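Examining the three-dimensional arrangement
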Amino acid sequence: LLAKLTGDTIESSSSAMVTYTTVYGEMAAESGRATLNVDELGAKLAYLANQSRMTTTDISTFSNYALASGTAVGLTVDAIDAMAISLNNAGFGASTVGTQIQKFANIIISSSNDVKSFWSNINVNQDKLIADIQAGGETSNEAFSKVIAQFRNMTNEQFTMYIRDLDINEKKVLNAL
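Residues numbered from 1 in each chain as written. Predicted model: local features only at pLDDT ≥ 70, side-chain atom pairs only at ≥ 80, totals over all residues. Heavy atoms only, no water.

Here we come to the nonpolar core. The nonpolar side chains of a soluble globular protein tend to be buried with one another. In terms of nonpolar packing, the biggest core is built from 52 residues, with Tyr20, Phe62, Trp119, Phe151 and Leu174 touching the most fellow members. The leading source of residues in this core is helix α5 (residues 77-89), at 7 residues. (Core = buried A, V, L, I, M, F, W, Y, C linked by side-chain atoms within 4.5 Å. Buried < 20%, exposed > 50% of the residue type's maximum accessible area, 1.4 Å probe, protein only. Helix = DSSP H or I, 4+ residues; strand = E, 2+ residues; numbered from the N terminus.)

Right, let's talk about the side chain of Asp81 for a bit. Position of Asp81 relative to the elements: it lies in helix α5. Buried within the structure, Asp81 lacks any salt-bridge partner; its nearest side chain of opposite charge belongs to Lys44, at an N-O separation of 6.5 Å. Setting aside residues up to four positions removed in sequence, Asp81 forms contacts with Tyr20, Lys44, Leu48 and Phe62. (Lys, Arg positive; Asp, Glu negative; His and termini not counted. Salt bridge = Lys/Arg side-chain N within 4 Å of Asp/Glu carboxyl O. Contact = heavy atoms within 4.5 Å.)

All right, on to the pattern of salt bridges then. A side chain with one charge may pair with a side chain of the opposite charge, provided their charged atoms come close. Inspection of the entire model under this criterion finds 2 salt bridges. The closest approach of N and O atoms between Lys44 and Asp78, which form a salt bridge, is 2.7 Å. Residue Lys44 is found in helix α3 (residues 38-51), and its partner Asp78 is found in helix α5; the two are separated by 34 residues along the sequence. The partly exposed category is assigned to Asp78, whose relative accessible area is 32%. Residue Lys128 pairs with Asp132 through a salt bridge whose shortest N-O separation is 2.8 Å. A residue pair is termed a helical-turn pair when its members lie 3 or 4 positions apart in one helix, as Lys128 and Asp132 do in helix α8 (residues 126-135) at 4 residues.

Right, let's talk about the side chain of Ser110 for a bit. Residue placement: Ser110 occurs in the loop between α6 (94-109) and α7 (113-121). A polar atom in the side chain of Ser110 sits 3.1 Å from the backbone nitrogen of Ser112. Sequence-distant contacts of Ser110, that is, excluding residues within four places in its chain, are made with Val115, Lys116 and Gln126. (Polar contact = N/O pair within 3.5 Å; in protein donor to acceptor, adjacent residues only side chain to side chain.)

Shown next as structure tokens:
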């Protein structure tokens, strides 16, 4: 069904499904996180493909980079897919989407003074953000959505001021979101 919806081959669709199933099915069960069945994951992949310009081959590519690092900090499938849609629609290719999600995951948990200062300056308690994201489910999705909404509600001048001390790669990923 995913191949029909996206117009991709069964092989590329199954590759994306295998990656997602491994991370959000098998790995999730082993770590005690909520798991999703194949139908739920298929629906999420179809939504991702329809909301972005990604094929299932692109989804498979970005997920090879992003899923493990994103889930390691507690990002849910919905949060990772939302970031992938946002980044892809901003013009990033599949492998860049994956590396940008990895970088954002690192920004969430970074203990560098510049990153800690960034979170503080935008009035986000980094420790609470980490805890909420790692809680999983709706708590994680809400925490991620609030941060993204906060980014989007800032003026360009405010945002530029807040990210001024971050490194260029951190700035790039935050600007894209």
